[in-house]
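Residues per chain, in single letters:
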Amino acid sequence: MDFNLSDDRRMLKESLSRFLQDRYGFETRNEIAGSEQGFSRELWTQMAELGLIGAMLPEEVGGFGGEGFDVMTVMEELGRAIVVEPVLPTAVLGAGVLADAGSNSQKALLEKVISGELLLAFAHGEPQSRYSLSDITCQAEKTDDNWVLDGQKAVVLNGDTADKIIVSARTSGTDDEEDGLTLFLIDADARGVSRRGYATVDGGRAAEITLEDVAVGVDAVIGEPGKAFPVIEEAIGRGILAVCAEALGAMDVAKDMTLEFLQTRKQFGVPLGKFQVLQHRMVEMCLEIEQARSATILAAGRMKEDRATRETALSAAKNLVGRSARLVAEESIQMHGGIGMTWEYALPHFAKRLTMIDHLFGDADHHLERFAALSQAS
Amino acid sequence: MDMNFTPEEIAFRDEVRGFLKDKLPEALAAKVKGGKRLLKADYELWHKRLNERGWLAWHWPVEQGGTGWTPIEKHIFEEECVAAGAPRVVPFGLNMLGPVLIKFGSDEQRAHYLPRILNGDDWWCQGYSEPGSGSDLASLKTKAVRDGDHYVVNGQKTWTTLGHFADWIFCLVRTDSDCKPQQGISFLLIDMKTPGITVRPIVTLDGEHEVNEVFFEDVRVPIGNLVGEENKGWTYAKYLLTYERTGIAGVAFAKSGLAHLKQVAAKQMKGRKPLAQDPLFASRVAQVEIDLMAMETFNLRTVSAAQHGGVPGVESSMLKIKGTEIRQEITDLLRRALGPYAAPFVPEGLDEGYNEPPIGPDYANPVASQYFNMRKVSIYGGSNEIQKNIVAKMMLGL
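Residues numbered from 1 in each chain as written. Chains lettered and ligands numbered in written order. Predicted model: local features only at pLDDT ≥ 70, side-chain atom pairs only at ≥ 80, totals over all residues. Heavy atoms only, no water.

S.K.: Where do I start with the interface of chain A and chain B in this structure?
M.R.: It is common to give the size of an interface as the accessible area that goes away when the parts come together. Contacts between the two partners involve 38 residues from chain A, matched on the other side by 36 residues from chain B. Roughly 3700 Å² is buried in total at the junction of chain A and chain B, and carbon and sulfur atoms are behind 68% of that figure. Ranking the residues of chain A by area buried against chain B places Met1, Phe3 and Leu287 of chain A at the top, with a combined share of 23%. Counting across the interface, chain A meets chain B through four salt bridges. Of the charged contacts, one joins glutamate 290 of chain A and arginine 301 of chain B as a salt bridge, the two residues approaching to 2.9 Å between their closest N and O atoms. Put simply, chain A and chain B have 17 residue pairs in polar contact (both at pLDDT 80 or more) between them. Tallying contributions element by element places helix α9 (residues 276–301) of chain A first for the side of chain A that touches chain B, with 17 residues. Broken down by class, the residue content of the side of chain A that touches chain B amounts to 19 nonpolar, twelve polar and seven charged. (Contact = heavy atoms within 4.5 Å. Buried area = accessible area lost by both parts, 1.4 Å probe. Salt bridge = Lys/Arg side-chain N within 4 Å of Asp/Glu carboxyl O. Polar contact = N/O pair within 3.5 Å; in protein donor to acceptor, adjacent residues only side chain to side chain. Helix = DSSP H or I, 4+ residues; strand = E, 2+ residues; numbered from the N terminus. Nonpolar A, V, L, I, M, F, W, Y, C, P; charged D, E, K, R; others polar.)

S.K.: Help me out: how do you make sense of the packing of aromatic side chains in this one?
M.R.: Residues and elements named next belong to chain B. A full pass over the atoms with the stated rule returns 23 aromatic pairs over all chains. Considering the side-chain rings of tryptophan 69 and phenylalanine 77, the 4.7 Å spacing of their centres and the 50° angle between planes classify their relative orientation as tilted. Here tryptophan 69 matches phenylalanine 77 in class, with each residue buried. On the numbers, 5.5 Å between centres and 35° between planes, the contact of tryptophan 124 with tryptophan 168 is tilted. (Phe/Tyr/Trp six-rings, centres within 6.5 Å; stacked < 30°, edge-to-face > 60°. Buried < 20%, exposed > 50% of the residue type's maximum accessible area, 1.4 Å probe, protein only.)

S.K.: Looking at this model, I keep getting lost on the domain arrangement of chain A. Mind explaining?
M.R.: Residue and element names in this part refer to chain A. Here chain A is partitioned into domain 1 (7–118), domain 2 (121–226) and domain 3 (230–377). Each of domain 1 and domain 2 has a C-alpha centre, and these two points are 23 Å apart. With 21 residues of domain 1 at the interface, the matching set in domain 2 holds 19 residues. Between domain 1 and domain 2, roughly 1400 Å² of surface is buried when both sides are summed, and carbon and sulfur atoms account for 67% of that area. (Domains from an automatic or database assignment.)

S.K.: I'm lost on the environment of alanine 207 of chain A in this one. Help?
M.R.: All names here are of chain A. By the secondary structure assignment, alanine 207 is in strand β7 (residues 205–217). Along the backbone, alanine 207 and serine 194 are 13 residues apart, and their C-alpha atoms lie at a distance of 9.6 Å. Apart from residues lying up to four places away in sequence, alanine 207 is in contact with Lys153, Ala154, Val155, Val156, Gly159, Asp160, Arg196, Gly197 and Tyr198.

S.K.: Mind showing me how you'd approach α9 of chain A here?
M.R.: Given 3.6 residues per helical turn, the α-helix brings residues three or four places apart onto the same face. Between its terminal C-alpha atoms α9 of chain A stretches 37 Å, which fits the 38 Å expected from 26 residues at 1.5 Å a residue. Counting buried positions over the 26 residues of α9 of chain A gives 21, a clear majority of the element. (Expected span 1.5 Å × (residues − 1).)

S.K.: I keep staring at the state of the cysteines and nothing clicks. Help me out?
M.R.: Here, disulfide denotes a covalent bond that connects the sulfur atoms of two cysteines. Going through the model one piece at a time under the given rule, you end up with zero disulfides over all chains. Between cysteine 286 of chain A, a free cysteine, and cysteine 244 of chain A, which holds the nearest cysteine sulfur, the sulfur-to-sulfur gap is 19 Å. Looking at the unpaired cysteine 179 of chain B, the closest cysteine sulfur is the one in cysteine 171 of chain B, lying at 19 Å. Here cysteine 179 of chain B falls in the partly exposed class, since its relative accessible area comes to 27%. (Disulfide = S-S within 2.5 Å.)

S.K.: Can you walk me through the environment of aspartate 358 of chain A in this structure?
M.R.: Residue and element names in this part refer to chain A. You can see aspartate 358 is positioned in the loop between α11 (347–357) and α12 (364–377). According to the relative accessible area criterion, aspartate 358 is buried, its value standing at 18%. Taking the C-alpha atoms as reference points, aspartate 358 and glycine 173, separated by 185 residues in sequence, lie 30 Å from one another. The residues contacting aspartate 358, other than those within four sequence positions of it, are Tyr131, Lys318, Gly322, Asp363 and Ala364. Looking at aspartate 358, its side chain comes within polar contact range of the main-chain nitrogen of alanine 364, at 3.1 Å.

See below:
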């Protein structure tokens, strides 16, 4: 048993941390987040050169990692700088699906993803599906030599700037059946694809995507038609791990900023940290962060286990991170007082990202219910 | 990152399991798991079995008769013992006084007391808390005054766990009042048979007698019974408290409590269906299970850091807080799972040899009492509020 990072991961963490400290200060980050594209192509390319995308993919497809702890190492550092570049949709979700289930020619695209040239999005959720992974009404119908897609996809991360989009559609079965789902890789500028992009409250971008008679070849199918559910679940599982780790980084920074504030801000002639009521609240925050970290480590370590073991740990982590991230976000704003309410101060932007992570891939309630169902089934 | 036990550790675990299967009497395990009252003889039997195997003194070095176990081996052993329903090892002599004597005692004291602790010749209890000194332990007032080659002790100790069984008590006493409170405290070993000592039971809110008050009236203690130097007792006491706090997360207890809770929830009915299938109750159980899973990993991270040479610091305090919250939550859910059958109070039903049919389900009797008893865990060993003060000071510099 050893909870220390391997040398390779430690070096990756350190180089990423140095890069973000030098190039990704809070003001730069806010400028990028407010820009039209919502991220910096230049920094994205530099991140790719650092090996950030490759670290999250296995060697078979040209990466040099791809294990749970690789994803955790990278995402935690990104969380410390609340990076808005589309790492999650491109490197974790999109590239993850292709590496997992793609054909040889689809996998060949990963070279360009790893080098930062190709951006991906994973268009799965729909307006009605909330956090269900199987409630899919987007239809794909087989014609003689094509598939034709029709439907709507909701809050697709990086949906408006991705070059290629992975779309889930129903090819058989009823609206919330796990069986009968198929994944397609489509060009973002294919005929019949319309995208309405928008900013999100935590600094990224997303899009509503409408598919109207979008015709794609049979080579667009990822994996076996009708059998995409396990691929989708595993992709979302990696996404859960990624945002849990990202939250750990962001929580650490929010905690450190709050601690420094308590040590320096004086009221009634003494630093705020002298008040026991605030001391105890800080300790509760630290304790919940340690719990969240522990649950995330457990999930990262179980990514290669059987489905029940893996998904139970992922739901546990997402529930715990959802609760602790909310606590840290709300408490750090409260302990900062008025300054915590201002746009120009960094802390509230960390709080916003922490809060919105709960809205990705299922919130604390969703995963509590799922955990209970999984543990009852086992 | 490697979250698995080594093959050697797994072999050790299997060895422990084999030992428990052979040496832990089934009737005793059933008593422990059923929340029945244990006799002095039950504790003594288990103490003896462990000593025969050389597995009693985990915190002692091998040359003193200890196991020499690594932090992970200690963790495995504790986990397996609790899972099998072994009685707890009474910690006062073994895990508290033993390490203090080994580090600060004289050669004579070590040679005399340590083998007697292992053999179970002396039952020790702890004389720390006083009526006026709870969380503020250093304010203690029990006085020891030198008189020739004796100390004369006057005062009162309280919350003395299993003091009614004890042959000896180790006490913090005040030997100097003209200095900072911490600097005038000494560590004395006192024979409970000495004239002037009175033990009175304290019945706790669950109706049980586990703790006591101990009164000292002109009790004469030979100066040879002083551990270390006079007025240095606070240092020794703090050292001892670090041992009291290890394992206080109680992961293994929480896990067996949760398993019991799930069994009960599967049997209790609500709306003609098992309570375990009630969405609200199931989510409460799921919530505490998630917290426990995370804490188990948190605990393993701490154990593993110790294995690699780290010294657990504030992590013990954090684990104490979280661990006690979780154990309290589990007993709370158990109590609620019973519905109206939490109410009957039949303490005689917890005794060996009680043959009347149970009132309600056979698992119901101890549940409410255990819930009330479990309120103690966030109070003892340094209350959870004190632990938060420690973390705020040590980790956060507040």
